[in-house]
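Examining the three-dimensional arrangement
Spelled out from the first residue to the last, the chains are:
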Amino acid sequence: VVWLFPIFWIIMTSFRAESGAYTKYFFPHSLTFSNYTRLFTETTLLNFPRAFFNTLFISVFSCIISTVFVLSVAYCMSRLRFKLRKPFMNLAMILGLFPAFMSMVAVYFILKAIGLTEGSVLRLSLILIYSAGSGVGFYIAKGFFDTVPRALCEAARIDGCSEARIFFQMVLPMSRPIVVYTVISSFLVPWMDFVYAKMILNAGISSKYTVAIGLYKMLDKSLINSYFTQFCAGGVLVSVPISILFMIMQKFYVEGITGGAVKG
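Residues numbered from 1 in each chain as written. Predicted model: local features only at pLDDT ≥ 70, side-chain atom pairs only at ≥ 80, totals over all residues. Heavy atoms only, no water.

1. Looking at the packing of helix α3 (residues 48–79) against helix α10 (residues 176–192)
Under the convention used in this document: Axis geometry follows a simple rule: fit a line to the C-alpha atoms, using only the stretch in contact for helices, then measure angles between N-to-C directions, giving values from 0 to 180 degrees. Think of it this way: any DSSP run of H or I at least four residues long counts as a helix, any run of E at least two long counts as a strand, and we number them from the N terminus. Any angle between 65 and 115 degrees counts as roughly perpendicular, while under 35 counts as roughly parallel, over 145 as roughly antiparallel, and the rest as oblique. Each crossing is labelled by how the near helix is turned from the far one, with a counterclockwise turn of less than a right angle marking it left-handed and a clockwise turn marking it right-handed. The criterion used for residue contact is that any of the two residues' heavy atoms lie within 4.5 Å. Put simply, Ala, Val, Leu, Ile, Met, Phe, Trp, Tyr, Cys and Pro go in the nonpolar bin, Asp, Glu, Lys and Arg in the charged bin, and everything else, Gly too, in the polar bin.
For the pair α3 and α10, the least separation of the axes is 8 Å and the interaxial angle reads 140°. As far as their axial angle goes, α10 and α3 are oblique. Both α3 and α10 take part in a crossing whose hand is right-handed. Of the residues in α10, those in contact with Phe-52, Thr-55, Leu-56, Ile-58, Ser-59, Val-60, Ser-62, Cys-63, Ser-66, Thr-67, Val-70 and Leu-71 of α3 are Val-179, Thr-182, Val-183, Ser-186, Phe-187, Pro-190 and Trp-191. Classifying every residue of the contact of α3 with α10 gives 12 nonpolar, seven polar and no charged.

2. Considering the packing of aromatic side chains
Stated precisely, the cut-off is as follows: Paired rings are identified among Phe, Tyr and Trp, the last through its six-membered ring, by centres lying within 6.5 Å, and are further divided according to the angle between planes into stacked (under 30 degrees), edge-to-face (over 60) and tilted (the rest). The classification of residues rests on relative accessible area computed with a 1.4 Å probe and restricted to protein chains. Under 20% of the type maximum is buried, over 50% is exposed, and intermediate values are partly exposed. Criterion for a charge above a ring: Lys NZ or Arg CZ within 6 Å of the ring centre, and within 35 degrees of the ring normal.
By the definition in use, this model includes 23 aromatic pairs. Taken together, a centroid distance of 5.3 Å and an interplanar angle of 20° make the contact between Phe-5 and Phe-26 stacked. Placement of the pair is Phe-5 in helix α1 (residues 4–14) and Phe-26 in the loop between α1 and α2 (34–41), with a sequence separation of 21 residues. For Phe-5, a relative accessible area of 49% gives the class partly exposed. Residues Phe-187 and Trp-191 carry aromatic rings whose centres are separated by 5.4 Å and whose planes lie at 25° to one another, so their mutual orientation is stacked. Of this pair, Phe-187 and Trp-191 are both found in helix α10, four residues apart, which corresponds to roughly one turn of the helix. Under the relative-accessibility criterion, Trp-191 is labelled buried at 6%. Aromatic ring contacts, followed pair by pair, group Phe-40, Phe-48, Phe-52, Phe-187 and Trp-191 into a single cluster. The lysine or arginine in question, Arg-123, covers the ring of Phe-57, its NZ or CZ lying 4.6 Å from the ring centre.

3. Observations regarding the environment of Phe-168
Considering the arrangement of structural elements, one finds Phe-168 in helix α9 (residues 163–174). Residue Phe-168 is classed as exposed on the basis of its relative accessible area of 52%. Expressed as a C-alpha distance, the spacing of Phe-168 and Val-148, which sit 20 residues apart in the sequence, is 14 Å.

4. Quick word on the pattern of salt bridges
To keep things clear, this is the line we draw: Salt bridges are defined as contacts in which a side-chain nitrogen from Lys or Arg sits within 4 Å of a carboxyl oxygen from Asp or Glu.
Applying the stated rule across the entire model yields three salt bridges. For Glu-42, the salt bridge identified is with Arg-38, shortest N-O distance 3.3 Å. According to the relative accessible area criterion, Glu-42 is partly exposed, its value standing at 35%.

5. Some details on the environment of Val-180
By the element assignment, Val-180 lies in helix α10. Separated by 118 residues in sequence, Val-180 and Ser-62 have C-alpha atoms that sit 15 Å apart.

6. Notes on a nonpolar patch on the surface
For the record, the criterion: Candidates for patches are residues over 30% relative accessible area with no salt bridge; among them, like charges are joined within 9 Å and nonpolar side chains (Val, Leu, Ile, Met, Phe, Trp, Tyr) within 5 Å. Computed by Shrake-Rupley with a 1.4 Å probe, the accessible areas treat only the displayed protein chains as cover when residues are assessed.
Taken together, the side chains of Leu-56, Val-60, Phe-61, Ile-64, Val-68 and Phe-69 present a nonpolar region at the surface, about 490 Å² in accessible area. Along the chain, Val-68 turns up in helix α3.

7. Observations regarding the side chain of Ser-175
Relative to the helices and strands, Ser-175 is located in the loop between α9 and α10. Using a relative accessible area of 0% as the deciding quantity, one classes Ser-175 as buried. Excluding residues within four positions of it along the chain, Ser-175 makes contact with Phe-144, Phe-145 and Val-148.

In structure tokens:
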């Protein structure tokens, strides 16, 4: 109940016909769909369709790149033996203990130095940020790959298969749960992120805004009374794709987490 209460409140507020950020009553006195239609028709403050497309574009490409990185590194750590393997794994674990925003300033100045903080390349900058270091988070996928029988890979190797062929044609088809888990996890990060998007898109180019930045603009103290119900409607719309994705992939998502948790 505690977890669902705020969600229910946001949904009810998104249908509230009365304007204003705060009311003395929980249930709206009247309901309307105008808050949703205004998101798509009033584009002065926020072009919601454009922001939604920007977020989807960044999330999809970041998801593809991150998934390839994570699964590739996880397979190498699980199946291959090479020098500095264990030190690399230890280093990756140590780096994972630090929150990502600690490197935010350094990342910004690196992107600024190579000209990726302004103009038409802002979406590329965010894709690089979300996907570049994703390979460090390989531990769950590695735990799942450890459960794949080594005898199958050795038999394929004896038959002349390369490591790439074993990975793509044997291991990945047997590892659908962890692939789905990695895809969903890689998609969620850019879809919900605000900190890095705010840092890169702070120049004020509204056509490059993601949904998080656009909706945040509605919470300005001079605009919140006029746009708060639209803000709630936007929050509901943003949650719909993720909710549908989770309901469809829930079975594989859970299997991916539990499968990588225990080796055996």
